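Single-letter residue listing:
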There are 2 protein chains.
Amino acid sequence: MSDTASRPTLEAVAARAGVSRATVSRVVNGSDGVREPLAERVRQAVEELGYVPNQAARSLVTRRHDAVAVVIAEPEARVFADPFFALQLRGISQELTAHDSQLVLLLTEGRGDHTRVGRYLAGGHVDGALVFSLHLDDPLPGLIRRAGVPTVFGGRPGWSDDADGIVYVDSDNRGGAREAVRHLVGLGRTRVAHISGPLDQTSAADRLDGYRDVMADADPRLVAESDFTHAGGERAMRELLDRCPDLDAVFAANDLTASGALRVLRERGLRVPEDVAVAGFDDMLPVAEQTEPPLTTVRQDIEEMGRLMARLLLRGLDRRGPGPRTGGQDAPDGPDGPSGIVLPTTLVRRASA
Amino acid sequence: MSDTASRPTLEAVAARAGVSRATVSRVVNGSDGVREPLAERVRQAVEELGYVPNQAARSLVTRRHDAVAVVIAEPEARVFADPFFALQLRGISQELTAHDSQLVLLLTEGRGDHTRVGRYLAGGHVDGALVFSLHLDDPLPGLIRRAGVPTVFGGRPGWSDDADGIVYVDSDNRGGAREAVRHLVGLGRTRVAHISGPLDQTSAADRLDGYRDVMADADPRLVAESDFTHAGGERAMRELLDRCPDLDAVFAANDLTASGALRVLRERGLRVPEDVAVAGFDDMLPVAEQTEPPLTTVRQDIEEMGRLMARLLLRGLDRRGPGPRTGGQDAPDGPDGPSGIVLPTTLVRRASA
DNA sequence: GTGAAAGCGCTAACAC
DNA sequence: GTGTTAGCGCTTTCAC
């Protein structure tokens, strides 16, 4: 109802304030070196005209975008049943906001999408990328490397070759798993089973390793691979009970899986924790606190993981500054081998074990 | 490791192909009118150089951004416990992707963020916006209106004045609620309680209205306001049982709330559905299928809602085309009153009622 | 059909 | 300190 045409430009503000475009630009960008009486006049003109800088024009010259891509490469529906994803986004969003950066969300479903994402990243729309949920055979890392976009990975990437300069943030999956299994063993359990996640993801593989660290020579039939979902947890639990009716504890790779296991145990008339003790991983509150009984689980601070990833990326970006790509390793942290930050986990005891 | 400097420009491609920049631009943008031998040469040069257009430069002249903002204004943690949010994003993402548009996610936490979002939208970074989770007193609609950005709202907005040209997509909350309550009544229940959502959201208010449509002269103590969370559902259920120990059915405003109610009922030794029948709303599978017993609930197709919103917005954008703002109502659907699309709901019967 | 040239709105040297 | 100027990479008239 108000403006008839396009938004005011720097030029307009300059005219109104009776100064040059450069001066307005300086004031708007907070660069000091504009004397007070003038600066105030400019600020006023900006206010009166409702001036907002045109980001496209600015990006064109600065080569900065104040935007970061978040790539979630999860073809399975899993992401959408698990609050995991939302929590990470929240952490990331908080950090980016504090840094005046925008969050561009790239969700991929299936292989075709990868080239789209690759093209987008290569297109120089964003200053950096945060990438999640990689599977071992994922083509994305290659595309990203070629795109030359500074990137921080969520979770330890699964490939080892060509990993120089890769930066990632992960939870101590192995250590956390070890702690959970030790806790079960400490309860006097000897037939501890494990329902793993999809083993082409490092988080799942690492948790399995943690389990094995403690149960070194356990019956291999005590391990069932699953997929981090509730339904998958049910399936795996049935399998395990059929194979090993004498199991007395289960360590599930995440809380959703654990909740599936709980349901099957109840179905079969087994009491938790009396007959079978159960532990999960994540401490996803809406899941872990609401199972019957509430779940003993390994807490990881998902939101903090998100924040940390963003912080790491932004720090790297600030260091290298804008301007043309430097070529070579474009990880924000320099070319000295893969550098990962591993966040600690803590065991949360509830009624299930 | 490959490129030493910045990415190739149109100029570079033109040089390589031995044509002018204009011609390359035409080929790249699929505008016909370039003869075949030439066009092919250009395509080859593009390929060889790995040319990707610079979006900032393009936007500067076209005033299109091929990006849409998704604003989720939910200060409460609720969004992060409920898969709702993820599902909508997925629907939106699919549709935007198909339209070669990017998704810029704007999460707000608390009031301070609103001005940030307003500024961003006003900044002309995006072609349009999809806005969710508005509460009655939300300042965002005003900001958006002033920003003049084409917008589609998710859920019926709560204000009525100045609502011309507003476009929204909603579920048939009232009708769905009515159906659920009728179902409970059809089961022979006479003391049907309702746990509502926060009544400053139209979805909650509409579901309450639907309940009242059927239970016109029910005891007002059979209604408790809650907040769409599991914990809130527990609290409200306790309240209701204390007030009306003789209730024989509960219609909860969403599945999460219903799951809280179920837990309290179990706690109190009441059998579901024998003593108390329970119905929810949403049909959020990870919740509704995993409660004990599984939940009878009203299904709404969240993902489709997201897709529809995106489609509506993009259609509007295509119609009005790029270029400077037209002024006045900037809703994509013309200035003829608020136009809403209301999606149907369906009752899903499971064991709880 | 194709090329030349004029900006889109902004920042960053460089003068003054 | 402040203004002048030259582009950033692209699209788009307008000639040819």
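Residues numbered from 1 in each chain as written. Chains lettered and ligands numbered in written order. Predicted model: local features only at pLDDT ≥ 70, side-chain atom pairs only at ≥ 80, totals over all residues. Heavy atoms only, no water.

J.: Pulling in residues and values, what's your account of the overall build of chain A?
T.: Assigned secondary structure in chain A consists of 13 helices and twelve strands. Within chain A, residue pairs in contact and separated by at least 24 positions form 72% of the contacts whose partners lie at least 6 positions apart. Accessible surface for chain A amounts to roughly 14300 Å². Of this, 50% is attributable to carbon and sulfur atoms. (Helix = DSSP H or I, 4+ residues; strand = E, 2+ residues; numbered from the N terminus. Contact = heavy atoms within 4.5 Å. Areas by Shrake-Rupley, 256 points an atom, 1.4 Å probe, with all protein chains shown as cover.)

J.: Would you mind going over the sheet that holds strand β1 (residues 67-73) of chain B in detail, with residue names and values included?
T.: The strand order across the open sheet built from twelve strands is β11(A)-β5(A)-β4(A)-β3(A)-β1(A)-β2(A)-β2(B)-β1(B)-β3(B)-β4(B)-β5(B)-β11(B), with neighbouring strands paired in mixed fashion. Looking along the sheet, the strands with just one partner apiece sit at the ends: β11 (339-343) of chain A together with β11 (339-343) of chain B. Between one strand axis and the next, the sheet turns by 25° as a mean value, whatever way the strands run. Bridging between strand β1 (residues 67-73) of chain A and strand β2 (residues 102-108) of chain A involves seven bridges; their strand directions are parallel. Bridged to Ile72 of chain A within β2 of chain A is Leu107 of chain A. Most of the contacts of helix α6 (residues 112-122) of chain A go to β2 of chain A, to which it runs at about 155°, and overall it touches β1, β2 and β3 (128-132) of chain A together with β2 (102-108) of chain B. (Pairing = 2+ DSSP bridges. Axes fitted to C-alpha atoms, helices over the stretch in contact; angles between N-to-C directions.)

J.: Please give an account of the protein's contact with DNA strand D that cites residues and values.
T.: Near DNA strand D lie 28 residues; those nearest to it are Thr23 and Arg35 of chain A together with Leu10, Arg21 and Tyr51 of chain B. Each atom of DNA strand D within 4 Å of the protein was assigned to sugar, phosphate or base; sugar and phosphate come to 60%. Take Arg63 of chain A: an N or O atom from its side chain is 2.5 Å from a phosphate oxygen of DNA strand D. The separation between a base nitrogen of DNA strand D and a polar main-chain atom of Ala57 of chain B is 3.3 Å. Contributing elements (two or more residues each) for the surface near DNA strand D: α2 (21-28) and α4 (55-62) of chain A together with α2 (21-28) and α4 (55-62) of chain B. With five residues, α4 of chain B is the single largest residue contributor to the surface near DNA strand D. (Near = heavy atom within 4 Å. Polar contact = N/O pair within 3.5 Å; in protein donor to acceptor, adjacent residues only side chain to side chain.)

J.: Kindly report on the protein's contact with DNA strand C, identifying the contributing residues and their values.
T.: Around DNA strand C sit 28 residues in total, of which Leu10, Arg21 and Tyr51 of chain A together with Thr23 and Arg63 of chain B are the nearest. The sugar and phosphate moieties of DNA strand C supply 66% of its atoms located within 4 Å of the protein. At 2.8 Å, a side-chain N or O of Arg58 of chain A approaches a phosphate oxygen of DNA strand C. A distance of 2.4 Å separates a phosphate oxygen of DNA strand C from a polar side-chain atom of Thr23 of chain B. Listed by contribution, the elements that provide at least two residues to the surface near DNA strand C are α2 and α4 of chain A together with α2 and α4 of chain B. Per element, the largest residue contribution to the surface near DNA strand C is five residues, and it comes from α4 of chain A. Here the surface near DNA strand C is composed, by residue class, of 13 nonpolar, eight polar and seven charged. (Nonpolar A, V, L, I, M, F, W, Y, C, P; charged D, E, K, R; others polar.)

J.: Just give me the short version of the pairing of strand β8 (residues 249-252) of chain B, but keep the residues and values in it.
T.: Residue and element names in this part refer to chain B. A two-sided burial pattern is seen for β8, the buried positions comprising Ala249 and Phe251 on one face and Val250 and Ala252 on the other. Inspection of the sheet shows strand β6 (residues 192-196) paired to β8 by four bridges, in the parallel sense. Note that in β8 the partner of Ala193 across the bridge is Val250. Pairing between β8 and strand β9 (residues 277-282): three bridges, direction parallel. In the strand pairing of β9, Ala249 is matched with Ala277. Taking the sense of rotation as the criterion, the β-α-β connection linking β8, helix α11 (residues 255-267) and β9 turns out right-handed. (Buried < 20%, exposed > 50% of the residue type's maximum accessible area, 1.4 Å probe, protein only. Right-handed = clockwise from strand over helix to strand, strands pointing away.)

J.: Tell me about helix α5 (residues 84-98) of chain A, residues and numbers included.
T.: All names here are of chain A. Taking 1.5 Å per residue as the helical rise, α5 with its 15 residues ought to reach 21 Å, and the 22 Å between its terminal C-alpha atoms agrees with that figure. Within α5, twelve of the 15 residues are buried, which leaves it mostly tucked inside the rest of the structure. Taken as a whole, α5 has its buried residues at Phe84, Phe85, Ala86, Leu87, Gln88, Leu89, Arg90, Gly91, Ile92, Ser93, Glu95 and Leu96. The first or second residue beyond α5 is Asp100, which carries a positive phi of 60°. (Expected span 1.5 Å × (residues − 1).)

J.: Account for the confidence of the model for chain A, naming residues and giving values.
T.: All names here are of chain A. Per-residue confidence for chain A gives a mean pLDDT of 88; residues scoring 70 or more make up 89%. In the predicted structure, residues 1-5 sits below a pLDDT of 50 and forms nine contacts with residues beyond four places in sequence or in another chain. In the model, residues 323-331 has pLDDT below 50 throughout and makes 30 contacts with residues more than four positions away in sequence or in other chains. (pLDDT = per-residue confidence, 0-100.)

J.: An account of a nonpolar patch on the surface is requested, with residue identities and associated values reported.
T.: Together, Leu60 and Val61 of chain A together with Leu60 and Val61 of chain B line one region of the surface with nonpolar side chains, adding up to about 350 Å² of accessible area. Listing elements by their share of the nonpolar patch, those giving two or more residues are α4 of chain A together with α4 of chain B. Here Val61 of chain A shows up in helix α4. (Patch = residues over 30% accessible without salt bridge, like charges linked within 9 Å, V, L, I, M, F, W, Y side chains within 5 Å. Salt bridge = Lys/Arg side-chain N within 4 Å of Asp/Glu carboxyl O.)

J.: Pulling in residues and values, what's your account of the side chain of Thr23 of chain B?
T.: Mapping Thr23 of chain B onto the fold places it in helix α2. The contacts of Thr23 of chain B, once residues within four sequence positions are left out, are Val34, Leu38 and Val42 of chain B.

J.: Help me get a handle on the pattern of salt bridges, residues and values and all.
T.: Oppositely charged side chains may form a pair once their charged atoms are brought near each other. Per the stated rule, a full pass over the model turns up 61 salt bridges over all chains. The partner of Arg263 of chain A in a salt bridge is Glu292 of chain B, and the shortest N-O contact between them spans 3.2 Å. One end of the pair, Arg263 of chain A, is in helix α11 (residues 255-267); the other, Glu292 of chain B, is in the loop between α12 (285-288) and β10 (296-299), on a second chain. Residue class for Glu292 of chain B comes out partly exposed when judged on its relative accessible area of 37%. Its salt-bridge partner being Glu267 of chain B, residue Arg238 of chain B comes within 3.4 Å of it at the nearest N-O pair. Here Arg238 of chain B, found in helix α10 (residues 230-243), pairs with Glu267 of chain B, found in helix α11; they are 29 residues apart in sequence, far enough to count as distant.

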